Amino acid sequence: METPSPAEIESAAHTTPTRLADGRPPAFTPLDPRVVSLWRLDNAVGYGILLLLSGAGAFFLGRAIGPVAWPWLAVAWGALALWSAFMTMRHPTLAYAASGYLLEERVLLIRRGVWWQTIQFLPLSRLQHVDLNRGPFERRYGLASLVLHTAGTHAASLQIPGLDADEAVRLRDQLVATGAGGDDAV
Amino acid sequence: MPSDEPAAAALHGRLHPATLIFTVVGLVRSTFFPLVIALLAGRRVAWYLWAILGFAGLSLLWSVARYFTFTYSIAGGELVIRHGLIGKQERHIPLARVQDVRLEQGVAHRVFGVVKVDIETAGGSGAEASLSVLSVAEADRLRQAIFAQVPGEAADGDADIPALATAAAAPSVLRRSRGEGETLWHVPLKDLVLAGLTANHLGTVMAVLFGGFALVDDLIPEESEKQFYRAAARLLSRGLAQAGAAPWVVIGVAIAAGLASAAVFSVAGSILLYFGFRLGRDGEDLHRGYGLLTRRASRLPRRRIQVLKIEEEFLRRLLGLATLRADTAGGAATAASQQDGGAHGGRDVLVPVLPRASVPALLPQFFPDLEPEPETWRRVSPRAVRREALPGVWLSLFLSAGLTAVLWNVERLVPAGIGLPSLWWGALPLLLVPVSFVSSVLSYRHLGYALGARYFRTRRGALSRAEHIVPLRNVQAVILRQTPFDRRQRLARLQIDSAGQVYTGGGPQIEHLPVAEAIALARTLAREAERQRYRWDR
């Protein structure tokens, strides 16, 4: 371990404001537009099943309680149906607009979240390994997703969904090559 | 990693014969109560009796077979553990992966001069070995053999520290009077008493349970413990019922007695767990030794400290005391914390209690290239005050409106002549407004960060305070978050992810940064982290 001289420590210590990189919003690369259709399909299936199950549940609950319960159950189920419609039709476009990734000087930025927004900054030398996933729905749209694993605790795996299948392979190879370029292959 | 040194010669050993005694005692303990119950129940459940005896016999057979076949050896840079009569098991642990060799010596262990040895490794899910039990001398021999072959920090250019020689010269780790390396900190009894008195309640309960169980566990079987607690609860409820006339007095006395006994237990727990706590350093290794009845010793290479936390709980802060905690990289840490249900037997602390003023002088022992304490901390956006106070304001307005409405309705419904609280009581929740403003101002004033060349520090807290120090080389990822409320105020929260954030309560994070500054800071942290090396296993 190199021991820095006192002068070096003095000069390097806590020059916070000047040392900060610029704070301009990053120019993210958007995901593949086909991911909107994929998410619509995902949500249609997921919320469809939820609506069916909750509809059946409401039906039996209503029969058990009696006619008093019907309007309430109808309102609750209607609200759920409206939410499902929103999540299926509108949310995927919003999520698409809010997602992206960007490689900035050996640091990968991943952005996501419609209301609760997150940007993850991943120094590529911290990359432990990369998974490339292609689910059945993703294959239908010619898409793939990457899962990046680090040794961290909360962000131990970061996801980039909705990449073109060929682009996913290319990006994976690029990330792994860049990450391994560092001197600390773990 | 085989070494050329002669000390690398293979070490070969077996468990101490006392293992058999502990095995039998453990077996008797676990079968005693089921057996008593079965005998009391009489002939009707004879099969139950036979099942217990059969089970006990089988496990005795298994344990004896395990003892006689159990061998361990060090060769070729690996610790190899073999056991099994029919199905042979072999576990290879590369010495370079060994994070920590922890020794634990309970009261019963001391009678036989033996010790339980746990070997922790980095990463992986529980590639952990437990040698229970070895003689103290043998445990020392094993420890030294392991550390003599761990390449240590020599790879870092610290070739002038002869890791081999210091390891070989190290005396028994449990003989704390002689100790290992240079003593960095010794916790005096007075501080332990204060720590016990000021412990927060959850921590108190944990410490007491852990300290108490260490003793009780050695003497009493589990079933009878449960019975004891049930009986105590029954006695308590009956006593309350019989006291009759003055329940308030009874409750008051009970609370006072409860608090007093909690304080006594808390102090006793603190002393039991941490008595004679000594932190030492030997080259790159930190050593901890502590415990009154059950003695514990462990070694932690300082490079493996991922995040360091200086914790000042409110009561301790009033006394000028702090606690030092550290996270280390290791899957075992996670497993261990889940195992003990949160009580880590003190494994999570670097120093359980010490004067806050002594901390800065101690920090370079953990981080040798640490920059001096910042004179000024970079503050977050002043909009933080509004952002933090607003929820409290809304809550108090809501409560106030609700309370007023209730009072008004009650006044309408209840006939006149009955003494009713005035409508003004509805304004009572408005007192929350100044409270929430004061608290958000206080927390704003202490919230800050400092970015050095190699370390990032954050500090936070109004009444209870915490400071986190993370070496940039340990940053795994930087995460920016914005809630809808944050976006209205153009603020963001920055969080640092590092390995093994188990003991420091989530690691460093700082909220209420202006968005542009947050992005700039995250970029800088990630780039610096990329530039500085992270090393997983040493």
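Rules and cut-offs
- Residues numbered from 1 in each chain as written.
- Chains lettered and ligands numbered in written order.
- Predicted model: local features only at pLDDT ≥ 70, side-chain atom pairs only at ≥ 80, totals over all residues.
- Helix = DSSP H or I, 4+ residues; strand = E, 2+ residues; numbered from the N terminus.
- Buried ≥ 20, exposed ≤ 12 C-beta atoms within 10 Å, placed from the backbone.
- Contact = placed C-beta atoms within 7 Å.
- Core = buried A, V, L, I, M, F, W, Y, C linked by C-beta atoms within 7 Å.
- Domains from an automatic or database assignment.
- Nonpolar A, V, L, I, M, F, W, Y, C, P; charged D, E, K, R; others polar.
- Pairing = 2+ DSSP bridges.
- Axes fitted to C-alpha atoms, helices over the stretch in contact; angles between N-to-C directions.
- Parallel < 35°, antiparallel > 145°, perpendicular 65-115°, else oblique.
- pLDDT = per-residue confidence, 0-100.
- Left-handed = near helix turned anticlockwise from the far one by under 90°.

(A) Focus on the overall build of chain B. Looking only at helices and strands, chain B has 16 helices and 21 strands in total. Across the 538 residues that make up chain B, the buried fraction comes to 37%. Summarising the internal contacts of chain B: among those between residues at least 6 apart in sequence, 66% fall at separations of at least 24.

(B) Focus on the overall build of chain A. Secondary structure summary: chain A contains seven helices and six strands in total. For chain A, the α and β elements follow one another from N to C terminus as α-α-α-α-α-β-β-β-β-α-β-β-α. By the burial criterion, 24% of the 186 residues in chain A qualify as buried. For chain A, contacts bridging at least 24 residues in sequence account for 53% of all contacts bridging at least 6.

(C) Quick look at the nonpolar core. Counting residues in hydrophobic clusters, the biggest one holds 84 residues, and the most contacted among them are A:Phe121, B:Val478, B:Leu494, B:Ala522 and B:Leu525. The element best represented in this core is helix H16 (residues 515-531) of chain B, accounting for seven residues. Mapping this core onto the domain boundaries places at least three of its residues in each of domain 1 (34-94) and domain 2 (99-181) of chain A. Counting residues in hydrophobic clusters, the runner-up holds 25 residues, among them B:Leu79, B:Leu95, B:Ile146 and B:Phe147.

(D) A look at the domain arrangement of chain A. Residue and element names in this part refer to chain A. Considered domain by domain, chain A is made up of domain 1 (34-94) and domain 2 (99-181). For domain 1 versus domain 2, the distance between C-alpha centres works out to 32 Å. Each partner contributes to the interface: domain 1 provides eight residues, whereas domain 2 provides eight residues. For the side of domain 1 that touches domain 2, the secondary structure elements donating two or more residues are helix H3 (34-65) and helix H5 (91-98). Considering each element in turn, the side of domain 1 that touches domain 2 owes the most residues, six residues, to H3. For the side of domain 1 that touches domain 2, the per-class residue count stands at four nonpolar, two polar and two charged.

(E) Inspection of the sheet that holds strand E2 (residues 71-75) of chain B at higher detail. All names here are of chain B. Ordered in space as E1-E2-E3-E4, the four strands form an open sheet in which the pairing is antiparallel. Looking along the sheet, the strands with just one partner apiece sit at the ends: strand E1 (11-14) and strand E4 (89-94). Going from strand to strand, the sheet's axes swing by 15° on average, the running direction of each strand aside. Where E2 lies against strand E3 (residues 78-83), five bridges are found, and the strand directions are antiparallel.

(F) Inspection of the sheet that holds strand E13 (residues 321-328) of chain B at higher detail. All names here are of chain B. Judged by pairing direction, the sheet is antiparallel, and its seven strands sit side by side in the order E14-E13-E12-E18-E17-E16-E15 without closing on themselves. Since the sheet does not close on itself, it has two edges, and those belong to strand E14 (349-355) and strand E15 (378-379), each with one partner. In this sheet, strand E16 (residues 448-451) lies alongside E15 in antiparallel orientation, the contact comprising two bridges. Counted as the bridge partner of Arg378 is Tyr449 from E16.

(G) Structural context of unusual backbone geometry. A cis geometry characterises the amide bond from B:Ser132 onward to B:Val133, with omega recorded as 0°. With respect to the helices, strands and loops of the structure, B:Val133 is situated in strand E7 (residues 129-135). Positioned with a positive phi, A:Glu105 is a non-glycine residue whose angle comes to about 50°. Mapped onto the secondary structure, A:Glu105 falls in the loop between strand E1 (100-104) and strand E2 (107-112). What makes A:Glu105 partly exposed here is the crowd of 13 C-beta atoms within 10 Å. Phi is positive for B:His512, which is not a glycine, with a value near 60°.

(H) Region of the structure containing the packing of H3(A) against helix H4 (residues 69-89) of chain A. Residues and elements named next belong to chain A. Their axes nearest at 10 Å, the elements H3 and H4 cross at an angle of 180°. Comparing the axis directions of H3 and H4 gives the class roughly antiparallel. Together, Arg40, Asn43, Ala44, Tyr47, Leu50, Leu51, Ser54, Gly55, Ala58, Leu61, Gly62 and Ile65 of H3 and Ala69, Trp70, Leu73, Trp77, Leu80, Ala81, Ser84, Met87 and Thr88 of H4 make up the contact between the two elements. A class-by-class count of the residues in the contact of H3 with H4 yields 14 nonpolar, six polar and one charged.

(I) The arrangement of the confidence of the model for chain A in detail. Residues and elements named next belong to chain A. On average, residues of chain A score 85 in pLDDT, and 87% of them are at 70 or above. No element of chain A has a lower mean pLDDT than helix H1 (residues 6-12), which averages 43, and none a higher one than H5, which averages 96. In this model residues 1-16 is a low-confidence stretch, pLDDT under 50, and it forms 26 contacts with partners more than four residues away in sequence or in other chains.

(J) Looking closely at the environment of B:Gln99. All names here are of chain B. Looking at where Gln99 falls in the secondary structure, it is placed in strand E5 (residues 98-105). The class of Gln99 is buried, set by 25 C-beta atoms lying within 10 Å. Here the alpha-carbon distance between Gln99 and Leu451, two residues 352 residues apart in the chain, equals 29 Å.

(K) Layout of the pairing of strand E6 (residues 114-121) of chain B. All names here are of chain B. Summarising burial for E6: six of the eight residues are buried, a large majority. When E5 meets E6, the two strands line up antiparallel, connected through six bridges. Within E6, the residue paired with Asp100 across the bridge is Glu120. Here E6 runs beside E7; their pairing, made up of five bridges, is antiparallel. Pairing of Asp118 across the sheet is with Ser130, part of E7.

(L) Spotlight on the packing of helix H13 (residues 383-413) of chain B against helix H14 (residues 432-446) of chain B. Residue and element names in this part refer to chain B. For the pair H13 and H14, the least separation of the axes is 8 Å and the interaxial angle reads 160°. Between H13 and H14, the interaxial angle falls into the category roughly antiparallel. The element H13 and its partner H14 pack so that their crossing is right-handed. When H13 is examined against H14, the residues Ala384, Val385, Glu388, Ala389, Gly392, Val393, Leu395 and Ser396 are found in contact with a partner set consisting of Leu432, Val433, Ser436, Phe437, Ser440, Val441, Ser443 and Tyr444. Among the residues making up the contact of H13 with H14, the classes are represented as 10 nonpolar, five polar and one charged.

(M) Structural context of the environment of B:Ala322. Residue and element names in this part refer to chain B. Note that Ala322 resides in strand E13. The spatial distance from the C-alpha of Ala322 to the C-alpha of Asp100 is 25 Å, given a sequence separation of 222 residues. Not counting residues within four places of it along the chain, the set of residues in contact with Ala322 comprises Ile310, Glu311, Glu312, Arg316, Leu354, Arg356 and Val359.

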